[in-house]
Amino acid sequence: MIVNNSEFLFLFEGTMTNPNGDPDQENKPRMDYETKTLLVSDVRRKRDCRDFLEEKGYDIFVATMNGTKVTMDKKFDAVLKKYGVDGKDVPEDKKIDAILDNHIDMRLFGSAMAVGGITKTFTGPVQISWGYSLHPVDLVKSSSIVTIMNDDSSTFGKMYKAHYALIAHSGSVNKYAAKKTRMSQEDLSIFRKSLVQSMMNNLTHSKQGQIPLMYLEVIYDENFDGYLGDLRRFIKAHYNPETPIRSGNDIKVDFSALSDELNLLKKKGYIKDVILWKSSQFTNVSGLPDAASVDMLDQIKAGR
Amino acid sequence: MKVLSFELNGKMAHFRKYYSNSTALSYMLPPVATIKGMLAGLLGYERDTYYELFSNNLCKIAVCVNSPIKKMTQRMNLLKVERISHLNGSAANRTQNDTEFIIPKNIRTGHVSYQIIFWHKNDSIIDELSKLLCNGSSFYSSKGICMALGSAQCLGWIQNAKVVEAEEHKSTGEKLKIFGAINIEHLKYLEVPESYEFSVIKEESITEFDENRFITADSKKKLLVNLLDTPVSAVLHNGTDYISVENKSYLFVK
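Cut-offs and rules
Positions within a chain are numbered from 1, following the residues in the order the chain's sequence is written. Labels are handed out in written order, letters beginning with A for the chains and numbers beginning with 1 for the ligands. Given that the model is predicted, a residue must reach a pLDDT of at least 70 before its local features are reported, and side-chain atom pairs must reach 80 or more before they are shown or counted; all residues, however, enter totals for whole chains, interfaces and linings. Excluded from the side-chain calculation are hydrogens and water; included are all heavy atoms of the structure. Helix and strand definitions follow DSSP, with helices as H or I runs of at least four residues and strands as E runs of at least two, each counted in order from the N terminus. Values of the radius of gyration come from C-alpha atoms, whereas the globule rule sets the reference at 2.2 Å times the count of residues to the power 0.38. Buried, partly exposed and exposed residues are distinguished by accessible area as a fraction of the type maximum, computed with a 1.4 Å probe on protein chains only: under 20%, between the cut-offs, and over 50%, respectively. By definition, residues are in contact when any of their heavy atoms lie within 4.5 Å. In these tables, accessible area is a Shrake-Rupley quantity obtained with a 1.4 Å probe, and a residue counts as shielded only by the protein chains included in the view. We score Asp and Glu as negative and Lys and Arg as positive, and we do not count His or the chain ends. Note on charges: their place is set at NZ of Lys, CZ of Arg, CG of Asp or CD of Glu. Salt bridges are defined as contacts in which a side-chain nitrogen from Lys or Arg sits within 4 Å of a carboxyl oxygen from Asp or Glu. Disulfide assignment relies on a single distance test, namely cysteine sulfur atoms paired within 2.5 Å. Accessible-area loss on putting two parts together, using a 1.4 Å probe and summing over both, is the definition of buried area adopted here. The term polar contact refers here to a pair of N or O atoms within 3.5 Å; inside protein, the definition further demands a hydrogen-donor-capable atom paired with an acceptor-capable atom, and it admits residues adjacent in sequence only when both atoms are side-chain atoms. The nonpolar class holds Ala, Val, Leu, Ile, Met, Phe, Trp, Tyr, Cys and Pro. Asp, Glu, Lys and Arg form the charged class, and all remaining residues, Gly among them, are polar. DSSP-based pairing: two strands are paired if at least 2 bridges between them are found. Pairing of aromatic rings covers Phe, Tyr and Trp, the last through its six-membered ring, and needs centres within 6.5 Å; plane angles under 30 degrees mean stacked, over 60 mean edge-to-face, and all others mean tilted. Candidate patch residues must exceed 30% relative accessible area and have no salt bridge, after which like charges are joined if within 9 Å and Val, Leu, Ile, Met, Phe, Trp or Tyr side chains if within 5 Å. Whenever a helix is involved, its axis is fitted only over the stretch in contact; in every case the axis is a line through C-alpha atoms, and angles between N-to-C directions fall within 0 to 180 degrees. Angle categories are assigned with fixed cut-offs, so that under 35 degrees is roughly parallel, over 145 is roughly antiparallel, 65 to 115 is roughly perpendicular, and the rest are oblique.

A. Structural context of the overall build of chain A. For chain A, the count of helices and strands is seven helices and 18 strands. Radius of gyration (C-alpha) of chain A: 21 Å, near the 19 Å computed for a compact globule of 304 residues. Taken along the three principal axes of its C-alpha coordinates, chain A extends 70 × 70 × 35 Å. Within chain A, the proportion of its 304 residues that are buried is 54%. Long-range contacts, defined here as pairs at least 24 residues apart, represent 73% of the contacts in chain A between residues at least 6 apart. Carbon and sulfur atoms make up 48% of the accessible area of chain A, which totals about 13400 Å². Between the averaged position of the 41 positive side-chain charges in chain A and that of its 41 negative side-chain charges there is a distance of 1 Å.

Here it is, written out as structure tokens:
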């Protein structure tokens with residue numbers, strides 16, 4: 001059972017990649033063009049996690065069945081049958097139990113769900129904010145052959161990628177919501193690893209070139225009911241605004257303001273633990289908080 | 001009167017307009033009902049259980065933009081849900097939905113920030129909230145929700161919360177410098193310098209629900225909203241109530 005609130009930072013970089021395309025903008029990377037800031041939605045991260053965990057053999061609720069789209073009724077029936085809680089005599093809460101107990105994505109991210117005509121909304125204990133690049137980003141456009149239908153006709157399409165982007169997501173884990181979806185410590189540990197590892201395993205054409213750089217989590221004390229909220233406001237990126245940013249060497253990330261905040265909260269006894277995983281490729285950093293080192297590349301055990 | 005004043009902050013916000021479920025347009029200001037929901041959530045109230053306690057008769061809220069904001073549209077590829085059985089993505093097609101987000105001028109260096117002034121008839125509600133929020137530090141506490149600006153993924157935070165004394169005034173037709181949203185019905189005359197022309201907009205706010213989650217007859221308010229952190233020069237109708245908090249004048253949305 002989760003009894004602590006926590007907040008996390010997840011940083012990754014992308015080189016010649018499209019971290020999150022906008023379907024209405026020729027699938028260009030999502031951007032705030034006025035400031036040249038690249039954006040990545042929260043659902044992109046959650047989809048990575050769901051797909052990766054499904055590969056690992058976990059039952060995922062918001063997913064297809066063996067690659068085919070089925071109606072939710074069918075999925076329910078299959079799930080309820082699988083766990084022996086089908087039938088009209090089985091009380092509602094037993095069915096909800098079966099859904100929550102067997103689907104890690106429901107426990108982590110919540111969902112609107114429906115069992116036997118009763119609808120219920122579970123707010124996810126894990127919330128991830130939209131990510132943004134810590135610096136201005138340039139896009140690369142190329143026209144290339146995107147489909148070859150037969151020998152004499154193929155389609156040229158436009159493809160957009162970002163030259164380089166160092167992107168930060170912030171997120172939180174809410175102990176009260178966790179109680180309702182019955183998210184466990186083990187679920188949280190699987191989530192952390194899947195956030196990092198799913199990116200390394202999503203090697204589609206548009207996503208190759210993405211590398212997870214850092215995961216930092218502040219685990220608050222059981223007796224503390226608060227949050228700092230969006231830890232990214234305490235990190236500062238230094239770069240030369242005159243020259244384009246083409247690699248991690250062109251940007252330095254300073255965490256000292258975050259360390260100061262965490263030290264203040266530590267003194268008050270509000271923080272239980274700070275854990276950190278940092279890729280060996282992420283070297284241009286300073287002022288990182290004191291934290292216990294955690295291996296996020298440790299293999300996730302297979303689901304049933 | 002004793003009020004709770006605080007900054008509601010975040011990197012992104014989305015306050016869904018209530019009248020359509022097929023688009024995701026956003027208000028610029030958090031609707032009053034949304035702010036009530038946030039405060040109830042901080043106090044640990046469950047969804048749909050607090051409407052009576054936070055009715056317009058019992059509490060009043062003023063909202064003001066603290067730093068310049070802008071709108072950005074992103075098209076989201078969403079599940080097309082026409083019936084409950086589609087919730088797992090089983091429908092033949094998905095739906096591409098224009099979603100508006102409120103963001104600061106520069107999301108890397110700034111954040112969206114609203115000043116909220118909250119009054120409740122029952123002092124104990126303000127006392128309880130002040131225990132959670134007024135700590136003189138960067139954190140906020142919650143007995144329930146994680147603070148989010150509208151949608152759950154628009155995570156935010158509360159800062160600089162304090163309980164202060166608000167002076168109550170009645171307008172006598174003089175020109176006032178007003179911060180934040182103004183009910184259009186109270187407005188007699190508005191002075192907009194040319195440079196501000198594009199920063200003053202009309203918007204509506206839903207302020208309360210009844211116990212069945214329907215909006216009440218008194219719920220919908222038409223507002224004049226200034227998107228900059230500056231006051232507007234306005235003349236209010238005679239007898240309009242307004243307050244001043246720390247030398248700034250506001251109108252409760254009511």
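B. Inspection of the overall build of chain B at higher detail. Each helix and strand counted, chain B has two helices and 18 strands in total. The C-alpha atoms of chain B give 19 Å as radius of gyration, which agrees with the globular expectation for 254 residues (18 Å, within 12%). Dimensions of chain B, computed from the C-alpha atoms along their principal axes, are close to 60 × 45 × 40 Å. Pairs at least 24 apart in sequence give 75% of the contacts found in chain B among residues at least 6 apart. On chain B, roughly 11100 Å² of surface is accessible, and the fraction owed to carbon and sulfur atoms is 47%. Looking at charge distribution, chain B has the averaged site of its 30 positive side-chain charges lying 6 Å from that of its 27 negative ones.

C. Local environment of the pattern of salt bridges. Enumeration according to the criterion identifies 31 salt bridges over all chains in this entry. A salt bridge links Asp138(A) to Lys36(A), with the shortest nitrogen-to-oxygen separation between them at 2.8 Å. With Asp138(A) in the loop between strand E9 (131-133) and strand E10 (139-150) and Lys36(A) in the loop between strand E4 (31-32) and strand E5 (37-40), the pair connects residues that are 102 residues apart, well separated along the chain. With a relative accessible area of 19%, Asp138(A) lands in the buried category. Residues joined in a network through salt bridges with shared partners are Asp32(A), Glu34(A) and Lys70(B).

D. Just the state of the cysteines, in detail. Residue and element names in this part refer to chain B. Scanning the entire structure with this criterion turns up zero disulfides over all chains. In this model Cys-64 remains outside any disulfide bridge; the closest cysteine sulfur is found in Cys-134, 19 Å from its own. The exposure class assigned to Cys-64 is buried, which follows from its relative accessible area of 4%.

E. Broad picture of the environment of Val245(B). Residues and elements named next belong to chain B. Of note, Val-245 is situated in strand E17 (residues 241-245). Counting along the chain gives 242 residues from Val-245 to Val-3, while the straight-line C-alpha distance between them is 8.8 Å. Excluding residues that lie within four positions of it along the chain, Val-245 makes contacts with Val-3, Ile-117, Val-164, Ala-166 and Tyr-250.

F. Local environment of the interface of chain A and chain B. Facing the 58 residues of chain A at the interface are 41 residues of chain B. Counting the surface lost from both chain A and chain B, the interface buries some 3900 Å², and carbon and sulfur atoms represent 59% of this. Between the two partners, chain A and chain B, sit three salt bridges. For Glu46(B), the salt bridge identified is with Lys180(A), shortest N-O distance 3.0 Å. Connecting chain A to chain B are 16 residue pairs in polar contact (both at pLDDT 80 or more). Looking at the side of chain A that touches chain B, its residues break down into 24 nonpolar, 17 polar and 17 charged. Across two bridges, the pairing between strand E13 (residues 226-227) of chain A and strand E8 (residues 140-141) of chain B is antiparallel. Across the sheet, residue Tyr227(A) finds its bridge partner in E8(B), namely Tyr140(B).

G. A look at the packing of aromatic side chains. The full count for this structure, using the stated rule, is 18 aromatic pairs over all chains. Here the aromatic rings of Phe109(A) and Phe191(A) are separated by 6.0 Å at their centres, their planes lie at 80 degrees, and the arrangement is edge-to-face. You can see Phe109(A) sitting in helix H4 (residues 104-109) and its partner Phe191(A) sitting in helix H6 (residues 185-201), a full 82 residues away along the chain. Here Phe109(A) and Phe191(A) have matching classes, each one buried. Arranged with centres 5.4 Å apart and planes meeting at 80 degrees, the rings of Tyr270(A) and Phe139(B) form a pair that is edge-to-face. Of the two residues, Tyr270(A) sits in the loop between helix H7 (256-267) and strand E16 (271-278) while Phe139(B) sits in the loop between helix H2 (123-133) and E8, which places them in two different chains. Residue classification places Phe139(B) among the buried residues on the basis of a relative accessible area of 4%. Pairwise contacts between aromatic rings join Tyr220(A), Phe224(A), Tyr227(A), Tyr270(A), Phe139(B) and Tyr140(B) into one cluster.

H. Quick look at the sheet that holds strand E14 (residues 236-239) of chain A. All names here are of chain A. Spatially, the three strands line up as an open sheet ordered E14-E15-E17, and their pairing is mixed. Where the open sheet ends on each side, the last strands, each with one partner, are E14 and strand E17 (285-286). Inspection of the sheet shows E14 paired to strand E15 (residues 251-254) by four bridges, in the antiparallel sense. Within the sheet, the bridge partner assigned to His-238 lies in E15 and is Lys-252.

I. Structural context of a nonpolar patch on the surface. Residue and element names in this part refer to chain B. A cluster of nonpolar side chains, namely Tyr-18, Tyr-19 and Ile-215, defines an oily patch on the protein surface of about 300 Å² accessible area. Mapped onto the elements of the fold, Ile-215 is located in the loop between strand E14 (200-206) and strand E15 (220-226). Under the relative-accessibility criterion, Ile-215 is labelled partly exposed at 38%.

J. Geometry of the side chain of Arg45(A). Looking at where Arg45(A) falls in the secondary structure, it is placed in helix H1 (residues 42-55). Setting aside residues up to four positions removed in sequence, Arg45(A) forms contacts with Phe10(A), Phe12(A), Val40(A), Ile128(A), His169(A), Leu195(A), Met199(A) and Gln210(A).

K. Representation of unusual backbone geometry within the structure. Residue and element names in this part refer to chain A. Within the chain, Met-16 stands out as a residue other than glycine whose phi angle is a positive 45 degrees. Looking at the secondary structure, you find Met-16 in strand E1 (residues 6-17). Exposure remark for Met-16: the relative accessible area of 39% places this residue in the partly exposed category. We note that Asn-27 has phi near 60 degrees; this positive angle belongs to a residue other than glycine. For Asn-27, the location among the structural elements is in the loop between strand E2 (21-22) and strand E3 (28-29).

L. Highlighting the packing of H1(A) against H6(A). All names here are of chain A. Where H1 contacts H6, the axes come no closer than 8 Å and their chain directions differ by 90 degrees. When the interaxial angle is binned, H1 and H6 end up roughly perpendicular. Contacts between H1 and H6 involve Arg-45, Asp-48, Cys-49, Phe-52 and Leu-53 from the former and Ile-190, Phe-191, Ser-194, Leu-195, Gln-197, Ser-198, Met-199 and Asn-201 from the latter. When its residues are assigned to classes, the contact of H1 with H6 shows seven nonpolar, four polar and two charged.

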